[in-house]
Amino acid sequence: MKLASLKLAHFRNYEAMTIDNLSNVNILLGDNAQGKTNFLEAIYLLALGKSFRTNHDSELIESGAEEALVEGSFTRDTQSEIKLGLKIKKRGKIAYLNQLEQPRMSDFVGAINTVIFSPEDLNIVKGAPSYRRHYLDLELSSISPKYLNELRRYQRTLKQKNQYLKMMREGKSNDSIYLDVLNHDLAEAGGYLAWARSENIAELEQYATDIHYRLTQKKEKLEIVYLSEISCDALNSPEDAASALLASFERLSERELRQGVTIAGIQHDDLSFMVNGTNVASFGSQGQKRSVSISLKLSEIEVIKKIRHEAPILLLDDIFSELDQNRQTFLIKSFEQAVQIFITTTSINDIDTSIIEPPLIIKVDDGRISSRGKNG
Ligand SMILES: Nc1ncnc2c1ncn2[C@@H]1O[C@H](COP(=O)(O)OP(=O)(O)O)[C@@H](O)[C@H]1O
Ligand SMILES: [Mg+2]
């Protein structure tokens, strides 16, 4: 999977930008606040239909402009081409696949895959549980349109249920059959999501343990544990997980009515990362946490490769300067030649270019670019 060309119009600080002939290794070089991360964000948007930095699409539109446009031309390993486009308006966005408008975002998301490495990845390890749920949701949505649809359904139904519980508590409504319908819907969507999360974590862990062991020179054994409302034995199938969730809703129904809010559900799911048997979020050093986040991302690449039969595009945002030489080398060496990489940096000296193939250097200066080819 390779991005061949990218076109931006009124996107962030890019008024108009086109770049063709992108290379396998592309280095975005420039001072702070020039538009390097914005460039990566545009690629990420084409993969996931949403930003990794904001939930407010209007922030993506150049200030003063009405709408932004992001277009990318991708080549698959099979040589077939796909063109992806996103028109971002202040209220909503329109997705295009090979120039055709897509009625549902889930038909667009995941057409291509990316994995981003950024300093914020550390939050997946040490931040609040919501970071980890968000990470799982994004990762799973990008490889499974069904996951994305069920996630939307779960979030929508949860909102409806909470509104309804509130109304019931205030005595404004009392239709227990309607509540039953919502609970069934919620359990069905939630059961699927929990099952998919559990499968995905097991798969990630398989790779992560091995990668982490090598990354830490055989010092650390990493385990990833899925913490869910639903007990382990019910996670064998979406149906079993749904039944278990429904049972929780029934068990807690009085409390939910009293408090006017949903108590049970997968909206509280979490992950814990164990290194040599202890929780790294609580007891690990900063360096250990950093290593765990890298192992996790490298595993994500493997999961995508297995499902998609081709490597995702890698986006490395400012992470080289934070890594010591060992981990830098480990990271680069673990990407195969066939992988396309975009690396942002303020200084080319931060990158040991002897371990990568000759890069295309893209200078970024106040939303304008100039590129310098492989041979200078
Ligand atoms: N919607 C927008 N309209 C215009 N400029 C924007 C918009 N959003 C961000 N910017 C500008 O983009 C720049 C930051 O770009 P970024 O890619 O994060 O920089 P860096 O090169 O440090 O990665 C800032 O100058 C910011 O003002
Ligand atoms: Mg940046």
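Residues numbered from 1 in each chain as written. Chains lettered and ligands numbered in written order. Predicted model: local features only at pLDDT ≥ 70, side-chain atom pairs only at ≥ 80, totals over all residues. Heavy atoms only, no water.

Asks: Explain the overall build of the chain here, please?
Replies: Along the chain, the regular secondary structure elements total 10 helices and 15 strands. Expected size for 376 residues packed as a compact globule is a radius of gyration near 21 Å; at 22 Å, the chain falls within 12% of this value. Seen along its three principal axes, the alpha-carbon backbone of the chain occupies a region of about 70 × 55 × 35 Å. Taking all 376 residues of the chain together, 54% fall into the buried category. (Helix = DSSP H or I, 4+ residues; strand = E, 2+ residues; numbered from the N terminus. Rg over C-alpha atoms; globule rule 2.2 N^0.38 Å. Buried < 20%, exposed > 50% of the residue type's maximum accessible area, 1.4 Å probe, protein only.)

Asks: Looking at this model, I keep getting lost on the site of ligand 1. Mind explaining?
Replies: Taken together, 15 residues are adjacent to ligand 1, and Ala-33, Lys-36, Thr-37, Asn-38 and Ile-61 come closest. Between ligand 1 and Lys-36 there is a distance of 2.9 Å, counted from an oxygen atom to a side-chain nitrogen or oxygen. In this structure, Glu-59 approaches ligand 1 through a main-chain N or O atom, which is 2.9 Å from a nitrogen atom. Within the complex, 72% of the 580 Å² of free accessible area of ligand 1 lies under protein. Of the residues that constitute the shell around ligand 1, the class distribution is 2 nonpolar, 7 polar and 6 charged. (Near = heavy atom within 4 Å. Polar contact = N/O pair within 3.5 Å; in protein donor to acceptor, adjacent residues only side chain to side chain. Areas by Shrake-Rupley, 256 points an atom, 1.4 Å probe, with all protein chains shown as cover. Nonpolar A, V, L, I, M, F, W, Y, C, P; charged D, E, K, R; others polar.)

Asks: Is there a simple way to explain the nonpolar core in this structure?
Replies: The nonpolar side chains of a soluble globular protein tend to be buried with one another. Of all hydrophobic cores here, the largest spans 68 residues; its most connected members are Phe-117, Phe-273, Leu-298, Leu-316, Leu-331 and Phe-335. Take this core: its biggest share by element is 12 residues, from helix 5 (residues 176-215). Composition of this core by domain shows at least three residues from each of domain 1 (1-112 + 312-376) and domain 2 (122-308). Beyond its immediate chain neighbours, meaning those up to four positions away, Leu-331 contacts Phe-117, Ile-294, Leu-298, Leu-316, Ile-319 and Leu-323. In terms of nonpolar packing, the next biggest core, distinct from the first, is built from 44 residues, Leu-22, Phe-39, Leu-46 and Leu-86 among them. (Core = buried A, V, L, I, M, F, W, Y, C linked by side-chain atoms within 4.5 Å. Domains from an automatic or database assignment. Contact = heavy atoms within 4.5 Å.)

Asks: I keep staring at the domain arrangement of the chain and nothing clicks. Help me out?
Replies: How big an interface is tends to be stated in terms of accessible area lost as the parts join. When its domains are assigned, the chain resolves into domain 1 (1-112 + 312-376) and domain 2 (122-308). Computed from C-alpha coordinates alone, the two centres of domain 1 and domain 2 are separated by 29 Å. Listed as interface residues are 20 residues of domain 1 and, on the opposing side, 21 residues of domain 2. Here domain 1 packs against domain 2, burying approximately 1,700 Å² in sum over the two surfaces, 66% of which is carbon and sulfur. The largest per-residue losses of area from domain 1 upon contact with domain 2 belong to Pro-312, Arg-327 and Phe-330, which jointly make up 32% of the total buried on that side. The tally of links between domain 1 and domain 2 comes to 0 salt bridges. In this structure, the connection of domain 1 to domain 2 is made through 4 residue pairs in polar contact (both at pLDDT 80 or more). Residue assignment for the side of domain 1 that touches domain 2 shows that the elements contributing at least two residues are helix 1 (36-48) and helix 10 (325-334). At 5 residues, the largest contribution of residues to the side of domain 1 that touches domain 2 is made by helix 10. (Buried area = accessible area lost by both parts, 1.4 Å probe. Salt bridge = Lys/Arg side-chain N within 4 Å of Asp/Glu carboxyl O.)

Asks: So what exactly am I meant to see when it comes to the sheet that holds strand 5 (residues 81-89) here?
Replies: Pairing between sheet strands relies on hydrogen bonds along the backbone, with the strands arranged either parallel or antiparallel. Strands sit in the order 2-1-4-5-6-7 across an open sheet of 6 strands; the sheet is antiparallel. Since the sheet does not close on itself, it has two edges, and those belong to strand 2 (14-19) and strand 7 (100-101), each with one partner. Here strand 1 (residues 2-11) pairs with strand 4 (residues 67-75) via 7 bridges, running antiparallel. Counted as the bridge partner of Leu-8 is Val-70 from strand 4. Running at roughly 110° to strand 1, helix 1 makes contact with strand 1, strand 2, strand 4 and strand 5 of the sheet. (Pairing = 2+ DSSP bridges. Axes fitted to C-alpha atoms, helices over the stretch in contact; angles between N-to-C directions.)

Asks: Is there a simple way to think about the sheet that holds strand 11 (residues 278-279) in this case?
Replies: Pairing in this open sheet of 3 strands is antiparallel, and the strands run 9-10-11 from one edge to the other. Looking along the sheet, the strands with just one partner apiece sit at the ends: strand 9 (222-227) and strand 11. In terms of strand pairing, strand 9 meets strand 10 (residues 270-275) through 6 bridges, oriented antiparallel. Paired with Glu-223 across the bridge in strand 10 is Met-274. Running at roughly 170° to strand 9, helix 5 makes contact with strand 9 and strand 10 of the sheet.

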